[in-house]
Amino acid sequence: MKRMLSGIKPTGQLTLGNYIGAIKQFIEYQDEYEMLVFIADLHALTLPIDAKELRKNTKDLISVYLACGLNPEKVTLFKQSDVHEHAELGYIMACNSYMGELSRMTQYKDKTARISDHGSIPTGIFIYPTLMAADILLYDADYIPVGLDQKQHVELTRDLAIRFNNHYSETFIVPEPITPKTGAKISSLSNPEKKMSKSESEKGTLYLLEDLAITRKKIMSAVTDCDNEIKYDMEHKPGISNLLTILSSLTGKSIDELVQEYQGAGYGTFKKAVADVVCNELAELQRKVKEIQESNIIENILEEGAKKASYLARKKLSKVYRKIGLQ
Ligand code: ATP
Ligand code: MG
């Protein structure tokens, strides 16, 4: 069975972008692949974060994973910081990467552009991709399901794996990114040119666990153009195209089908249909999250997951140590 791995960092409240671009894919794949899904809490430290908030985000993230249907019997669910080999291989990957290639990463450029001229850029955000490479290579993962924004990091991971294999002999599986056909980049509803992100507060970000009256309001006031035609055109109609993508991902209907269905309907009717679908899906999700948080299954699941992940990680790291001369 091919192996698949992916994670989300607990940097903020999860968004509909995370749900459509990442989590929904994990659920689809769990029967087909041997899956490892983790909470990337070490990555959450790459930009400043309050300890209390980090703890809450972590608990919410594991609850959402479970509420969405990730089955801990099938999937190894764990917290990155519980498996110390991530940080250790991360260091080795940093030693095998170049400043030039890391400074070309779009996420690094985007996230540091937001730090003012006088602010200092934390080193962690610079070496983020080397830790991500370690996350992937530790487990010999064949496929990495991600949204478009993370694809470049998986490409870099491939480069680092190939470089290491060439230098020290075959050690790592070279992974492949998988992005969803629809929904690989959900945009902010208030600024459809921009990716929806959990760590940037935007009035057009839909949070999975927010009050649904607010969700509905955000959808009804989503920025659109004014020609009142429901059509998919990312360049000229990014707002409507984004709503079509969301609706298509959540209903399973193709964009063409939806365009047919809403032909002639005004934007108001269309937005209401999107709001109904999103709110129904989130209401069910929120009900399950509440149930999970009131039970005390989380700790056990993470403990079991960490045991399984550590076993694999330990074996791999030991192989790496032998190859490079540390053992
Ligand atoms: P941050 O603002 O902290 O970077 P984020 O919302 O971008 O948070 P990540 O933890 O960086 O989330 O990414 C988790 C997963 O969600 C990745 O697979 C990423 O590609 C996917 N993802 C994030 N935002 C979107 C989006 N707007 N559309 C589709 N997929 C997304
Ligand atoms: Mg991100």
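Quick look at the overall build of the protein chain now. Within the protein chain one finds twelve helices and five strands. The C-alpha radius of gyration computed for the protein chain amounts to 20 Å, which stays within 12% of the reference 20 Å derived for 327 residues, consistent with globular compactness. Along the longest, intermediate and shortest principal axes, the C-alpha atoms of the protein chain span 70 × 45 × 40 Å. By residue count, 52% of the 327 residues in the protein chain fall in the buried class. Taking the contacts inside the protein chain whose residues are at least 6 apart along the sequence as the reference set, 77% of them involve residues at least 24 apart. Carbon and sulfur atoms provide 50% of the accessible area of the protein chain, an area that totals close to 15600 Å². Put simply, the protein chain has 42 plus and 44 minus side-chain charges, and the middle of one group is 2 Å from the middle of the other.

Close approach of charged atoms allows side chains with opposite charge to pair. Counted under the stated rule, the structure contains 19 salt bridges. Close ionic contact of E200 with R114 constitutes a salt bridge, the shortest N to O distance being 2.9 Å. With a gap of 86 residues between them, E200 in the loop between β5 (176–178) and α8 (212–220) and R114 in the loop between α5 (106–113) and α6 (123–137) connect regions that are remote in the sequence. For E210, the salt bridge is made with K218, and the minimal N-O distance between the two is 2.6 Å. Members of the salt-bridge network, linked through shared partners, are E284, R287, K288 and E291.

Counting residues in each nonpolar core, the largest one holds 58 residues, and the members touching the most others are L16, Y65, L77, I246, F270 and V278. No other element matches the eleven residues that helix α11 (residues 267–294) contributes to this core. Taken together, domain 1 (3–178 + 296–324) and domain 2 (202–290) each give at least three residues to this core, which thus spans both. What L77 contacts, discounting residues up to four positions off in sequence, is V37, I62, Y65, L66, L70, P72, I301, L302, G305 and A306. Core analysis: the second largest hydrophobic core is formed by 37 residues, A40, V146, L160 and L317 among them.

How each quantity is defined
- Throughout this document, residue positions are counted from 1 along each chain, in the order its sequence is written.
- Here every chain gets a letter starting at A, and every ligand a number starting at 1, in the order they are written.
- The model is predicted, so local features are restricted to residues of pLDDT at least 70 and side-chain atom pairs to those at 80 or more, both for listing and for counting; the totals for chains, interfaces and linings are taken over all residues.
- Only heavy atoms go into the side-chain values, all of them from the structure, while hydrogens and water stay out.
- Only DSSP runs of H or I with at least four residues qualify as helices, and only runs of E with at least two residues qualify as strands; both kinds are numbered from the N terminus onward.
- Throughout, the radius of gyration refers to the C-alpha atoms, and the reference size of a globule is 2.2 Å times the residue count to the power 0.38.
- Burial classes follow relative accessibility: with a 1.4 Å probe on protein chains only, a residue under 20% of its type's maximum area counts as buried, one over 50% as exposed, and anything between as partly exposed.
- We call two residues in contact when some of their heavy atoms are within 4.5 Å.
- Only the protein chains shown count as cover for residues, and all accessible areas are computed by the Shrake-Rupley method using a 1.4 Å probe.
- Note that His is not counted, nor are the chain ends; the positive residues are Lys and Arg, and the negative ones are Asp and Glu.
- In this description, the location of a charge corresponds to atom NZ of lysine, CZ of arginine, CG of aspartate or CD of glutamate.
- We define a salt bridge as a contact between a side-chain nitrogen of Lys or Arg and a carboxyl oxygen of Asp or Glu at a distance within 4 Å.
- Grouping buried Ala, Val, Leu, Ile, Met, Phe, Trp, Tyr and Cys residues that are joined through side-chain atoms within 4.5 Å yields what is termed a nonpolar core.
- Where each domain begins and ends follows an automated or database-derived domain assignment.

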